[in-house]
Amino acid sequence: PLQKIGKDPWLSCNRPVGEEDETCMFLNFTTIDDNFEIAYKEESAVRWLSGTNECRWPGIFCHEGSVVSIRLAGCSLNGPIPVELQFLNVLNY
């Protein structure tokens, strides 16, 4: 089911803290309506920066074990782009 969350939701599966396990529910961006409300589909995922391979993180897409695409539209991200992305040598843009 799609969920309407409003204009500026916090959407992430941050690294596990304390006794948290590696699982989380990721809200995957689907649409924006005429009132600028964002709709999401809830999906089971693993947390970013966990011990799980990056290719299983939400919004990360891999081919043959290499990150080729990062899709985090609608996640209300802001700030500088990490310089470490330069090391993803098969990332498409």
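For the structure given in this document, a descriptive report is provided here. Quantities reported herein were computed from a predicted structural model and do not represent experimental measurements. (Residues numbered from 1 in each chain as written. Predicted model: local features only at pLDDT ≥ 70, side-chain atom pairs only at ≥ 80, totals over all residues. Heavy atoms only, no water.)

**A word on the nonpolar core**
- Of all hydrophobic cores here, the largest spans ten residues; its members are Cys-13, Cys-24, Phe-26, Ala-45, Val-46, Trp-48, Trp-57, Ile-60, Val-67 and Cys-75.
- Taken together, the elements giving at least two residues each to this core come down to strand 2 (23-32) and strand 3 (38-46). (Core = buried A, V, L, I, M, F, W, Y, C linked by side-chain atoms within 4.5 Å. Buried < 20%, exposed > 50% of the residue type's maximum accessible area, 1.4 Å probe, protein only. Helix = DSSP H or I, 4+ residues; strand = E, 2+ residues; numbered from the N terminus.)

**What about the state of the cysteines?**
- Under the criterion given, the structure shown has two disulfides.
- The disulfide partner of Cys-13 is Cys-24, and the gap between their sulfur atoms is 2.0 Å. Taking the sign of the torsion about the S-S bond as the criterion, the disulfide between Cys-13 and Cys-24, at about 105°, is right-handed. Separated by eleven residues along the polypeptide, Cys-13 in the loop between strand 1 (2-6) and strand 2 and Cys-24 in strand 2 bring together distant segments of the chain. One exposure class covers both Cys-13 and Cys-24, and it is buried.
- Bridging Cys-55 to Cys-62, the disulfide has an S-S length of 2.1 Å. The sign of the -90° torsion about the S-S bond sets the Cys-55-Cys-62 disulfide as left-handed.
- Here the bonded cysteines of the protein chain are numbered in sequence order, and their pairing is 1-2, 3-4. (Disulfide = S-S within 2.5 Å.)

**Observations regarding the pairing of strand 2**
- Direction of pairing for strand 2 relative to strand 3: antiparallel, over a ladder of nine bridges. What sits directly across from Phe-29, in strand 3, is Tyr-40. (Pairing = 2+ DSSP bridges.)

**Some words on unusual backbone geometry**
- The backbone of Leu-49 sits at a positive phi, close to 60°, despite the residue not being glycine.
- Checked against the element boundaries, Leu-49 lands in the loop between strand 3 and strand 4 (60-63).

**Looking at the pattern of salt bridges**
- Scanning all chains against the criterion turns up one salt bridge.
- Note that Arg-47 and Glu-20 form a salt bridge whose closest N and O atoms lie 3.7 Å from each other. A residue pair is termed long-range when its members are at least 10 positions apart, and Arg-47 in the loop between strand 3 and strand 4 and Glu-20 in the loop between strand 1 and strand 2 qualify at 27 residues.
- The exposure class assigned to Glu-20 is partly exposed, which follows from its relative accessible area of 38%. (Salt bridge = Lys/Arg side-chain N within 4 Å of Asp/Glu carboxyl O.)

Fair warning: the whole summary comes from geometry, so function is off the table for now.
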